[in-house]
Amino acid sequence: MSAAEIVLRFALAAAAGYLLGSLPSGVIVGRLFGHVDVRAQGSGKTGATNVMRSLGPGPAVMVALLDIAKGAAAVLLVRFVIFPAAPNAALDAQNLSAVAQAIAGMAALLGHNYSLFIHFTGGRGVATGAGALLAMTPLAMLVGLLAMIIPIAVTRYVSLGSMIACAMAGLTALVLTLTGHGLWPQAVFALVGGGFIILSHRDNIARLIHGTERKLGQPTA
């Protein structure tokens, strides 16, 4: 494979990931259930947490599943269509495919948070990042999920659980790579993508520090 073809496939991976990530699940579900623009409610974000506060648990679960699906779809599209690598391919080919998958996953995060279709607004990327990570390294995603559940159950702060999940998933992916059970592009995505998601919670961090962060089930007003 020539260098030009590799660059082209990387570019296609980025474009596909961004377009998939840009699909505004929260806005679409909000319009289906009560014609509500979730961006005008609560935090103004399009993710499942704000949808739950605006529309309830049913629509929120739907948004979460759709956001997970688009993150996973971005990675799987690259793996099987844009930059496939046979199971017995040389390590270089596997690494190149893994790099393209990481690019698609990161692009999906960017698309979700800065959607082309809703004037570059969006969510925080937690579910979309989880979907991409699930497709790349499921064990890291599972550890992140477990790390998310406990603090939410104890404190009812979804933002806190989400940030802890990102940190734990990134560390798990790094350990897997260092012990020979993962590829570096996967670890880099988990660490950089997790950092990007945590950074998107900077307003939540400020509210947590000042004790004004909304808890799960607490009204937005």
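In short, a report on the structure.

The rules we used
- Residues numbered from 1 in each chain as written.
- Predicted model: local features only at pLDDT ≥ 70, side-chain atom pairs only at ≥ 80, totals over all residues.
- Heavy atoms only, no water.
- Helix = DSSP H or I, 4+ residues; strand = E, 2+ residues; numbered from the N terminus.
- Rg over C-alpha atoms; globule rule 2.2 N^0.38 Å.
- Buried < 20%, exposed > 50% of the residue type's maximum accessible area, 1.4 Å probe, protein only.
- 1 Å grid on protein atoms, 1.4 Å probe; cavity = no way out; pocket = protein on both sides within 12 Å on 5 of 7 lines; lining within 4 Å.
- Points joined across faces, edges and corners; volume = space filled by probe spheres on them.
- Nonpolar A, V, L, I, M, F, W, Y, C, P; charged D, E, K, R; others polar.
- Patch = residues over 30% accessible without salt bridge, like charges linked within 9 Å, V, L, I, M, F, W, Y side chains within 5 Å.
- Areas by Shrake-Rupley, 256 points an atom, 1.4 Å probe, with all protein chains shown as cover.
- Salt bridge = Lys/Arg side-chain N within 4 Å of Asp/Glu carboxyl O.
- Expected span 1.5 Å × (residues − 1).
- Axes fitted to C-alpha atoms, helices over the stretch in contact; angles between N-to-C directions.
- Parallel < 35°, antiparallel > 145°, perpendicular 65-115°, else oblique.
- Left-handed = near helix turned anticlockwise from the far one by under 90°.
- Contact = heavy atoms within 4.5 Å.
- Phe/Tyr/Trp six-rings, centres within 6.5 Å; stacked < 30°, edge-to-face > 60°.
- Lys NZ or Arg CZ within 6 Å of the ring centre and 35° of its normal.

1. A short note on the overall build of the chain
When you go through the chain residue by residue, the secondary structure sums to ten helices and zero strands. Put simply, the chain runs from its N terminus to its C terminus through helices and strands in the order α-α-α-α-α-α-α-α-α-α. Taking 2.2 N^0.38 as the reference for a compact globule, 221 residues should give roughly 17 Å; the C-alpha atoms of the chain span a radius of gyration of 17 Å, in line with that estimate. Projected onto its principal axes, the C-alpha positions of the chain cover 55 × 35 × 25 Å.

2. What about the environment of A11?
As for its position among the elements, A11 is in helix α1 (residues 3-22). For A11, a relative accessible area of 44% translates into the label partly exposed. Each C-alpha atom of the pair A11 and V61 lies 32 Å from the other, and the pair is 50 residues apart in sequence.

3. Here we look at empty space enclosed by the protein
One pass over the full model with this rule turns up one cavity of 30 Å³ or more. Here the largest cavity defines a volume of roughly 30 Å³. What lines the largest cavity is a set of 14 residues, and nearest its centre among them are L23, P24, T46, K70 and H112.

4. Quick look at the layout of surface pockets
Over the atoms a probe the size of a water molecule is rolled, and this reveals where empty space is left. Estimates place the volume of the largest pocket at around 1100 Å³. Taken together, 46 residues make up the lining of the largest pocket; nearest its centre are V126, A127, M148, V158 and S162. Those elements that provide at least two residues to the lining of the largest pocket are α3 (48-55), α4 (57-82), α6 (126-136), α7 (138-155), α8 (158-178), α9 (184-200) and α10 (202-210). Of the residues assigned to the lining of the largest pocket, the class counts are 24 nonpolar, 15 polar and seven charged.

5. As for a nonpolar patch on the surface
Where nonpolar side chains cluster on the molecular surface, the patch consists of L19, L23, L110, Y114, L116, F117 and F120 and spans about 660 Å² of accessible area. Inspection of the secondary structure puts F117 in the loop between α5 (91-113) and α6. According to the relative accessible area criterion, F117 is partly exposed, its value standing at 47%.

6. Here's the deal with α8
For α8, which comprises 21 residues, the first-to-last C-alpha distance of 30 Å matches the rise-based estimate of 30 Å (1.5 Å per residue) to within 8%. G180 occupies a position one or two residues after α8 and carries a positive phi of about 85°.

7. Quick notes on the packing of α4 against α6
α6 packs onto α4 with a crossing angle of 40° between their chain directions and a minimal axis gap of 7 Å. Considering the angle they form, α4 stands oblique to α6. Note on packing geometry: the crossing formed by α4 with α6 is right-handed. Between α4 and α6, the contacting residues are A64, D67, I68, K70, G71, A72, V75, L76 and R79 on the first element and A127, T128, G131, A132, A135 and M136 on the second. A breakdown of the residues in the contact of α4 with α6 according to their chemical character gives nine nonpolar, three polar and three charged.

8. Points about the packing of aromatic side chains
All chains considered together, the criterion is met by two aromatic pairs. Residue placement shows R9 over the ring face of F83; its charged tip is 5.7 Å from the ring centre.

9. Quick word on the pattern of salt bridges
In total, this model carries six salt bridges according to the counting rule given. Note that R9 is salt-bridged to E5, the shortest N-O span being 2.6 Å. Placement of the pair is R9 and E5 together in helix α1, with a separation of four residues, close to one helical turn. When its relative accessible area of 30% is taken as the criterion, E5 is described as partly exposed. Residue R207 pairs with D203 through a salt bridge whose shortest N-O separation is 3.5 Å. Remark: D203 and R207 occur in helix α10; sequence separation between them is four residues, near one turn of the helix.

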